[in-house]
Amino acid sequence: MAGPRWKRYFGCEPSGYQLVFSSLASTASSSVMGITYSVGEVDHLYTFFVQWSPDIYSKGEKKRCKPSNNVRMKCHKDTNGISKAFRKPAGKPQAAKKWEIITVKDSKRRLSLCDSVESEVDETEFQEVEDDFPVLSHASQLLDDFHLQKIAANLPPRTQGYPWHLVYSTINHGSSLKTLYRNMADLDSPVLLVIRDMHKKVFGAFCSDPFRVSKYCYGTGETFLFSFNPDFQQYRWSGENSYFVSGNWESLQIGGGGAGFALWLDADLYHGASFSCPTFRNAPLSTNEDFIVQDVEVWTVQN
């Protein structure tokens, strides 16, 4: 179907191109010799060929061309839809026909582009899942992936996405509250206290400020308690009082205002206690209200 008139309009021979009749209704079609066409609608294709190459396809002589294997012509079977597409409706301007000519290479490239976009979406979703897990400076001896995911998802927005640094652990630094305070002397960032008792139960607290010796309570409403029993339980600030954290050389206390502290640790980080208190309206975090500490870790989230 080559010819100078075709070249003048399209700038190239039709071989290796797809003709997509996008203005026709999408319905079932038949396929013969690699060509997809509507039954009884060959005449409309012929009309198209005559329009572009009258010197080859005259109106009075309907020559049938046999397309090459590299050309795919698509139209759809909806006879009424096709007739309307080629017939000028009475009293209305004729709608412009939409033709698109693309190379087979372009077609494959478009498919490839769609695949790559889907891949990018999948990678983004995967990355979002990965972002739920914090990056740790050291391997935790107390927290597994489930613990990390649950705790990280409930941290304040200002700490999201930042790495966790281990500043104290009984395994690495021994059991001493003084050492815990000393390791945090230069910190100005939130901390995460994680405790495992002798019954293997994991619990602790996120504190808006690093632990230190102070005459008065300190911290903000970002402070919260958590425990795994075995599911994740979180206790946020109730707003009833501001007894978030207080510390001295003999003990560390979190929460208060009632019969006992929400979490209390002695100077040797060996004995502990956990009671319900007004600050968080929490249930006891440990297996028993009085418990023996097996291990302690303190992490800082530095932004």
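Keep in mind that what you see is a predicted model, and the values were worked out from it rather than measured.

**Q** If you had to explain the environment of P190 to someone new, which residues and values would you point to?
**A** With respect to the secondary-structure elements, P190 resides in the loop between α7 (177-183) and β7 (191-197). Taking relative accessible area as the criterion, P190 reaches 1% and is therefore assigned buried. P190 sits 21 residues away from F211 along the chain, and the two C-alpha atoms are 9.2 Å apart.

**Q** Describe the nonpolar core, with residues and values.
**A** Of all hydrophobic cores here, the largest spans 32 residues; its most connected members are L180, L193, I195, F211, I254 and V298. Listed by contribution, the elements that provide at least two residues to this core are β6 (164-169), α7, β7, β8 (202-207), β13 (251-254), β14 (263-266) and β16 (290-301). For this core, the leading source of residues is β16, giving four residues. Beyond its immediate sequence surroundings of up to four residues, I195 is in contact with K201, V202, F203, L263, L265, F291, V293, D295 and V296.

**Q** Outline the confidence of the model for the protein chain, supporting the account with residue identities and numerical values.
**A** Averaged over all residues, the pLDDT of the protein chain equals 73, while 56% of them reach at least 70. Contacts from residues 61-79, a stretch scored under 50 in pLDDT, to residues over four places away or in other chains number 56 contacts. Scored below 50 in pLDDT, residues 104-130 makes six contacts in the model with residues more than four places away or belonging to other chains.

**Q** Run through unusual backbone geometry, naming residues and quoting values.
**A** Comment: phi is negative for the bulk of residues other than glycine, and the bulk of peptide bonds are trans. Going from N229 to P230, the amide bond is cis rather than trans, its omega being -5°. Relative to the helices and strands, P230 resides in the loop between β10 (224-228) and β11 (232-236). For R281, which is not a glycine, the phi torsion comes out positive at approximately 50°. Residue placement: R281 occurs in the loop between β15 (271-273) and β16.

**Q** Residue-level account of the pattern of salt bridges, with values.
**A** Think of it this way: side chains of opposite charge can pair up when their charged atoms draw near. Counted by the stated rule, this structure contains three salt bridges. The salt bridge partner of R196 is D295, with a shortest N-O separation of 3.1 Å. Of this pair, R196 sits in strand β7 while D295 sits in strand β16, and the two are 99 residues apart along the sequence. An identical accessibility class is assigned to R196 and D295; each is buried. One salt bridge connects E240 with R281, and the closest N-O pair in it is separated by 3.3 Å. With E240 in the loop between β11 and β12 (245-247) and R281 in the loop between β15 and β16, this residue pair connects regions lying 41 residues apart in the sequence.

**Q** Give a description of the packing of aromatic side chains that names residues and reports values.
**A** A ring pair, where both rings are aromatic, is described by two values, the distance of the centres and the angle of the planes. Applying the stated criterion across every chain, the model contains eight aromatic pairs. Taken together, a centroid distance of 6.5 Å and an interplanar angle of 55° make the contact between W164 and W299 tilted. A residue pair is termed long-range when its members are at least 10 positions apart, and W164 in strand β6 and W299 in strand β16 qualify at 135 residues. Like W299, W164 is buried. Seen from their ring centres, F228 and F232 are 5.4 Å apart, and the 55° between their planes marks the pair as tilted. Aromatic ring contacts, followed pair by pair, group F146, F226, F228 and F232 into a single cluster. Over the ring of Y218 we find R212, and its NZ or CZ is 4.0 Å from the ring centre. Across the ring face of F224, the terminal group of R236 is positioned such that the distance to the ring centre comes to 5.1 Å.

**Q** Summarise the side chain of S286; cite the residues concerned and give the values.
**A** Inspection of the secondary structure assignment puts S286 in the loop between β15 and β16. What makes S286 buried here is its relative accessible area of 4%. Beyond its immediate stretch of four places on either side in the chain, S286 contacts D197, K201, F203, S274 and F291.

**Q** Describe the environment of E289, naming the residues involved and giving the relevant values.
**A** Tracing the chain through its elements places E289 in the loop between β15 and β16. Here E289 falls in the partly exposed class, since its relative accessible area comes to 41%. Dropping the residues within four chain positions of it, E289 is found in contact with G272, A273, S274, F275 and P284.

Parameters at a glance
Residues numbered from 1 in each chain as written. Predicted model: local features only at pLDDT ≥ 70, side-chain atom pairs only at ≥ 80, totals over all residues. Heavy atoms only, no water. Helix = DSSP H or I, 4+ residues; strand = E, 2+ residues; numbered from the N terminus. Buried < 20%, exposed > 50% of the residue type's maximum accessible area, 1.4 Å probe, protein only. Core = buried A, V, L, I, M, F, W, Y, C linked by side-chain atoms within 4.5 Å. Contact = heavy atoms within 4.5 Å. pLDDT = per-residue confidence, 0-100. Salt bridge = Lys/Arg side-chain N within 4 Å of Asp/Glu carboxyl O. Phe/Tyr/Trp six-rings, centres within 6.5 Å; stacked < 30°, edge-to-face > 60°. Lys NZ or Arg CZ within 6 Å of the ring centre and 35° of its normal.

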